[in-house]
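# Examination of the molecular architecture
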Amino acid sequence: MNFPTVNIFGVPISQMSMKDTVTYISRIIDSRTPHQVITANPIMVMTALQNPEYMRMMKEAELVVPDGTGVVWAAEYVGNPVAERVPGYDLIHELMRVGETKGWKVYLIGASAEVIGAAAARLKELYPKLQLVGYRDGFFGEPEDEEVLRAIRECEPDILLVGRSADKQEPWIAKYKHRLGIPVMMGVGGSFDVLSGKLKRAPRIFQKLRLEWFYRSLQEPWRYKRMLALPKFAMKVIREKENVQKP
């Protein structure tokens with residue numbers, strides 16, 4: 001199943017709209033083949049440029065959607081735009097809506113026990129027919145991986161949503177993708193914090209102005225060091241416009 005992409009510093013970003021992305025993921029689930037879905041932002045692209053293993057992982061992922069507004073801007077700037085931004089948080093809700101009608105089974109992993117429990121309860125409230133087959137917190141290390149994998153596999157989910165730190169969730173999915181064999185495995189970052197009510201989603205005006213990242217930094221000021229990658233990414237795109245799309 002092919003789809004159009006734009007290459008941003010070696011990372012193949014999907015150019016599909018939200019609607020087409022959901023349709024594509026529906027076909028993935030029907031096919032039963034394991035797919036890693038990455039919701040990409042500039043920080044992840046910059047990490048990939050500094051870390052060959054992270055770059056390899058992003059290139060090998062079956063679907064990389066343009067979550068961050070900086071990625072959408074970069075595609076526009078080099079003259080090869082994406083159809084629209086596909087925020088991971090919104091993609092979760094679109095998939096849950098379809099999942100209710102198709103009987104998809106969903107498993108959640110990440111955040112603290114309190115947050116993931118509240119996020120699971122909220123999803124069940126919003127989508128009462130959803131088959132939420134299991135969830136657990138994300139505070140575990142490699143010694144517990146086998147136990148976690150076994151618990152997930154026993155539930156046979158169609159979708160696995162992983163909300164751990166950015167340096168853990170995508171590499172963890174990539175490492176165990178084929179052992180898990182789940183059709184859709186997606187890193188969702190802080191989405192469980194928002195679902196649980198711990199954090200608020202940026203108001204519409206911030207979303208329209210592409211300033212969701214700024215609103216989040218106001219709620220979590222400790223993230224400022226990570227946010228320094230955003231202007232660095234923008235300057236790199238501007239300086240290297242002719243080379244942005246090279247593999």
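## Describing the pairing of strand β6 (residues 131-136)
- Here strand β5 (residues 105-110) runs beside β6; their pairing, made up of 5 bridges, is parallel. By the bridge assignment for β6, I109 is matched with R136.
- One crossover worth recording links β5 to the parallel β6 by way of helix α6 (residues 113-126), and it is right-handed.

## Things to note about the nonpolar core
- L95, M96, L108, I159, L161 and F192 are the most contacted members of the largest nonpolar core, which has 37 residues in total.
- Those elements that place two or more of their residues in this core are α1 (18-31), β4 (63-66), α5 (88-102), β5, α6, β7 (159-163), β8 (184-187) and α9 (191-196).
- In terms of residues, this core owes the most to one element, α1, which gives 6 residues.
- The residues contacting M96, other than those within four sequence positions of it, are V106, L123, Y127, L130, I159 and L161.
- Core analysis: the next-biggest nonpolar cluster, separate from the first, contains 29 residues, V11, M55, M58 and A75 among them.

## What to know about the sheet that holds β7
- Read across the sheet, 6 strands follow the order β4-β3-β8-β7-β5-β6 without closing on themselves; strand pairing throughout is parallel. Of all strands in the sheet, those with a lone pairing partner are β4 and β6, marking the two edges. On average, adjacent strands in this sheet sit at an angle of 20 degrees to one another, irrespective of strand direction.
- Of the strand pairs in this sheet, strand β3 (residues 35-40) and β8 are connected by 3 bridges, and their pairing is parallel.

## Notes on the pattern of salt bridges
- A full pass over the atoms with the stated rule returns 12 salt bridges.
- Residues D158 and R32 are paired through a salt bridge, measuring 2.7 Å at the closest nitrogen-oxygen approach. Pair noted here: D158 is in the loop between α7 (145-155) and β7 and R32 is in the loop between α1 and β3, with a separation of 126 residues, a long-range link.
- Note on R32: relative accessible area 43%, which makes it partly exposed.
- Notably, a salt bridge pairs R56 with E53, separated by 2.6 Å at the nearest N-O pair. Placement of the pair is R56 and E53 together in helix α3 (residues 52-60), with a separation of 3 residues, close to one helical turn.
- A single network of salt bridges, built from pairs that share partners, joins E53, R56 and E60.

## Side note on the packing of aromatic side chains
- All told, the structure shown has 5 aromatic pairs when counted by the stated rule.
- With centroids separated by 5.5 Å and ring planes inclined at 65 degrees, the aromatic side chains of W172 and Y176 adopt a geometry described as edge-to-face. Residue W172 and its partner Y176 are located together in helix α8 (residues 166-180), separated by 4 residues, close to a single helical turn. Residue W172 shares its accessibility class with Y176, and that shared class is buried.

## Here's the deal with the pairing of β4
- A two-sided burial pattern is seen for β4, the buried positions comprising L63 and V65 on one face and V64 and P66 on the other.
- Here β3 runs beside β4; their pairing, made up of 4 bridges, is parallel. Looking at the pairing, A40 lines up with P66 of β4.

## A few points about the environment of K241
- Mapped onto the fold, K241 is located in the segment after α13 (229-239).
- With 163 residues separating them in the primary sequence, K241 and V78 have C-alpha atoms 6.2 Å apart.
- Residues in contact with K241, not counting those within four places in the same chain, are Y77 and V78.

## Thoughts on the packing of α3 against α8
- Between α3 and α8, whose axes approach to 11 Å, the crossing angle comes to 60 degrees. Considering their axes alone, α3 and α8 lie oblique with respect to each other. In this structure, the crossing between α3 and α8 has a hand that is left-handed. Contacts between α3 and α8 involve Y54, M57 and E60 from the former and A166, E170, P171, A174 and K177 from the latter.
- Of the residues assigned to the contact of α3 with α8, the class counts are 5 nonpolar, no polar and 3 charged.

The rules behind each value
Residues numbered from 1 in each chain as written. Predicted model: local features only at pLDDT ≥ 70, side-chain atom pairs only at ≥ 80, totals over all residues. Heavy atoms only, no water. Pairing = 2+ DSSP bridges. Helix = DSSP H or I, 4+ residues; strand = E, 2+ residues; numbered from the N terminus. Right-handed = clockwise from strand over helix to strand, strands pointing away. Core = buried A, V, L, I, M, F, W, Y, C linked by side-chain atoms within 4.5 Å. Buried < 20%, exposed > 50% of the residue type's maximum accessible area, 1.4 Å probe, protein only. Contact = heavy atoms within 4.5 Å. Axes fitted to C-alpha atoms, helices over the stretch in contact; angles between N-to-C directions. Salt bridge = Lys/Arg side-chain N within 4 Å of Asp/Glu carboxyl O. Phe/Tyr/Trp six-rings, centres within 6.5 Å; stacked < 30°, edge-to-face > 60°. Parallel < 35°, antiparallel > 145°, perpendicular 65-115°, else oblique. Left-handed = near helix turned anticlockwise from the far one by under 90°. Nonpolar A, V, L, I, M, F, W, Y, C, P; charged D, E, K, R; others polar.

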